[in-house]
Amino acid sequence: MQTLELFAGCGGLAKGLELAGFEHAGLLEVNHQACESLRANFDSRLVHEMDVRKIDFHEFDGVDLVSGGPPCQPFSLGGLAKANNDARDMFPQAIRAISEIKPRGFMFENVKGLLRAKFAPYFNYIILRLSFPDCVQKSGETWRSHLGRLQGIVEGAHYTGLRYKVQYKLLNAVEYGVPQVRERVFIVGLREDVNIVWTWPEKVCEDPKSRVPISSALAGVPDPQIDPSYAEDHVFIGGARVYPGHTGSDFSKPSKTIKAGAHGVPGGENMLRFADGSLRYMTVHEAKLIQTFPSDYRVTGSWGEALRQIGNAVPVKLAQCVGGRLHQVLVEDSAMRNLERRRERIYASKPLKGEQMLLAVERKKAKLTSARKNKGMKGKTYSAKRKAGSR
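Residues numbered from 1 in each chain as written. Predicted model: local features only at pLDDT ≥ 70, side-chain atom pairs only at ≥ 80, totals over all residues. Heavy atoms only, no water.

> Help me out: how do you make sense of the nonpolar core in this one?
Most often, soluble globular proteins keep nonpolar side chains buried together rather than apart. Counting residues in each nonpolar core, the largest one holds 40 residues, and the members touching the most others are L6, F57, F106, L130 and I187. Among the secondary structure elements, those contributing two or more residues to this core are β1 (2-6), β2 (23-29), α3 (91-101), β5 (105-111), α4 (120-131), α5 (143-154), β6 (164-172) and β7 (183-191). The greatest single-element share of this core, amounting to seven residues, is contributed by α4. The contacts of F57, once residues within four sequence positions are left out, are L4, L6, L28, V52, Q93, R96, A97, E100 and I101. By size, the runner-up hydrophobic cluster in this structure holds 29 residues, among which are L218, V221, V299 and V316. (Core = buried A, V, L, I, M, F, W, Y, C linked by side-chain atoms within 4.5 Å. Buried < 20%, exposed > 50% of the residue type's maximum accessible area, 1.4 Å probe, protein only. Helix = DSSP H or I, 4+ residues; strand = E, 2+ residues; numbered from the N terminus. Contact = heavy atoms within 4.5 Å.)

See below:
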């Protein structure tokens, strides 16, 4: 079961899908440092360091799943929130990938801000474009005019292209075993001919008391000031301080959302606050574990750059939960398709078998008739037999 990852970043979603059972057909990313992280953890031959706008997605024909996290700054609460007016809006490229590859399914992740009321018309536009990816925006056509045509398809307008059954949901990573409060929108689509109903994975930590605190996630990890040799990426960074809106994450609770930081080095959300009132910045190693990356996963670059990559990543465990459900659906779909193909082969061979059976029955009837006839002739004279045969 293969997946193509778009906007792969440092590989949180990719790692989660790998753990869920998918194999990577390719990892596409434009940022050089993120690509270095990908090469450090995956087969470097799969990493394509390039702008997705320049790739022919037909090269990946046959891929089962298209996944990724289209750049979220256009919709981020911490960004400028320009949505479709932001050149970083890569949803059109994700839709182009679906149209060209025609995968059985897709999964995209984005920030909670995507669901803000001010973005509702454009978000509806994204969902409809994902539902009907072959209804392409015409040259010079505004997105609102295009939205009108897409709504026309919903209402019954003629359309013979690809169709996907699309669902979206706001998921909180902390409810899926991640030691971090992190709300993200997941969009899942299944091609129309996938006859399996999509259901979201069940929460595993719905009760706040069952949620994983930072202290559990970092159990056994020493203070970097005491043991700086513990891990190469476990280096103390000084200068942490509290100021309004930047109070750090309580060590005894799940972490606040680790952020990439729109203006350089991440802020207070990436600090740890301890019971004695002291605080310090998370090390790369600690942030990585809170995002549920494996402890041996390598995120390259300086502290600030590595935290930026980690802050942009999908928590591995959350990606594995959603990806695991998708993998299950596609495996079931493959089984159903294989069964249908076997049935078709059997049905295709039945006429021949039927003719053979009919011929066998006719031969048997002929033998029985001949046997009865011969039995009736026994004891008769030659002339009588000859007379009977002449009738």
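> Where do I start with α4 in this structure?
Every α-helical turn comprises 3.6 residues, leaving residues that sit three or four positions apart pointing alike. Under the 1.5 Å per step criterion, the end-to-end length of α4 is 16 Å for 12 residues, consistent within 8% with the ideal 16 Å. Among the 12 residues in α4, nine count as buried, and that is most of the element. Along α4, the residues classified as buried are Y122, F123, Y125, I126, I127, L128, R129, L130 and S131. Against the buried residues of α4 lie α3, β5, α5, β6 and β7. (Expected span 1.5 Å × (residues − 1).)

> Is there a simple way to think about the sheet that holds strand β8 (residues 249-250) in this case?
Reading across from one edge, β8-β9-β10 is the order of the three strands in this open sheet, with mixed pairing throughout. A single partner strand is all that each edge strand has here, and the edge strands are β8 and β10 (279-281). Two strands pair when backbone bridges link them, and strand β9 (residues 271-273) and β10 are joined in this way by three bridges, in the antiparallel orientation. Looking at β10, one finds that M271 is bridged to Y281. (Pairing = 2+ DSSP bridges.)

> Where do I start with the packing of aromatic side chains in this structure?
Pairs of aromatic rings are described using the distance from one ring centre to the other and the angle between the two planes. Considering all chains together, one arrives at 12 aromatic pairs under this definition. Consider the rings of F42 and Y297, whose centres lie 6.3 Å apart with planes at 75°: the pair is edge-to-face. Of the two residues, F42 sits in the loop between α2 (32-41) and β3 (47-49) while Y297 sits in the loop between α7 (284-290) and α8 (303-312), which places them 255 residues apart along the sequence. We note that F42, like Y297, is buried. Centre to centre, the rings of F123 and Y168 are 4.7 Å apart; their planes meet at 85°, and the pair counts as edge-to-face. With F123 in helix α4 and Y168 in strand β6, this residue pair connects regions lying 45 residues apart in the sequence. Using a relative accessible area of 44% as the deciding quantity, one classes Y168 as partly exposed. (Phe/Tyr/Trp six-rings, centres within 6.5 Å; stacked < 30°, edge-to-face > 60°.)

> Got a minute to help me understand unusual backbone geometry in this structure?
When glycine is set aside, most residues are seen to have a negative phi, and most peptide bonds are trans. You will see that F7, though not glycine, has its phi angle at about 50°, which is positive. Locating F7 in the fold gives a position in the loop between β1 and α1 (12-20). Overall, F7 belongs to the buried group, its relative accessible area being 14%.

> Hey, could you run me through the pattern of salt bridges in this one?
Opposite charge on two side chains makes pairing possible when the charged atoms of those side chains draw close. In the structure shown here, the tally under the stated rule is 20 salt bridges. Residues E18 and K15 are paired through a salt bridge, measuring 2.8 Å at the closest nitrogen-oxygen approach. Pair noted here: E18 and K15 are both in helix α1, with a separation of three residues, about one helical turn. Among the ionic pairs, E175 bridges to R211, the shortest N-O distance being 3.3 Å. A residue pair is termed long-range when its members are at least 10 positions apart, and E175 in the loop between β6 and β7 and R211 in the loop between β7 and α6 (214-217) qualify at 36 residues. Of the residues examined, R211 reaches a relative accessible area of 24% and is grouped as partly exposed. Counted as one network, the salt bridges with shared partners bring together D64, R104, R191, D193, D333 and R337. (Salt bridge = Lys/Arg side-chain N within 4 Å of Asp/Glu carboxyl O.)

> How do you make sense of the sheet that holds β1 when you look at a structure like this?
By definition, the strands of a sheet pair up through backbone hydrogen bonds, in either a parallel or an antiparallel sense. One open sheet holds the seven strands; their spatial order is β3-β2-β1-β4-β5-β7-β6, and the pairing between them is mixed. The strands lining the two open edges of the sheet, one partner per strand, are β3 and β6. The average angle at which neighbouring strand axes cross in this sheet is 15°, direction not considered. Judged from the four bridges that link them, β1 and β2 form a sheet pairing that is parallel. Paired with E5 across the two strands is L27, which belongs to β2. The strands touched by α3 within the sheet are β1, β4 (65-68), β5, β6 and β7, with β5 carrying the most contacts at an inclination of about 175°. (Axes fitted to C-alpha atoms, helices over the stretch in contact; angles between N-to-C directions.)

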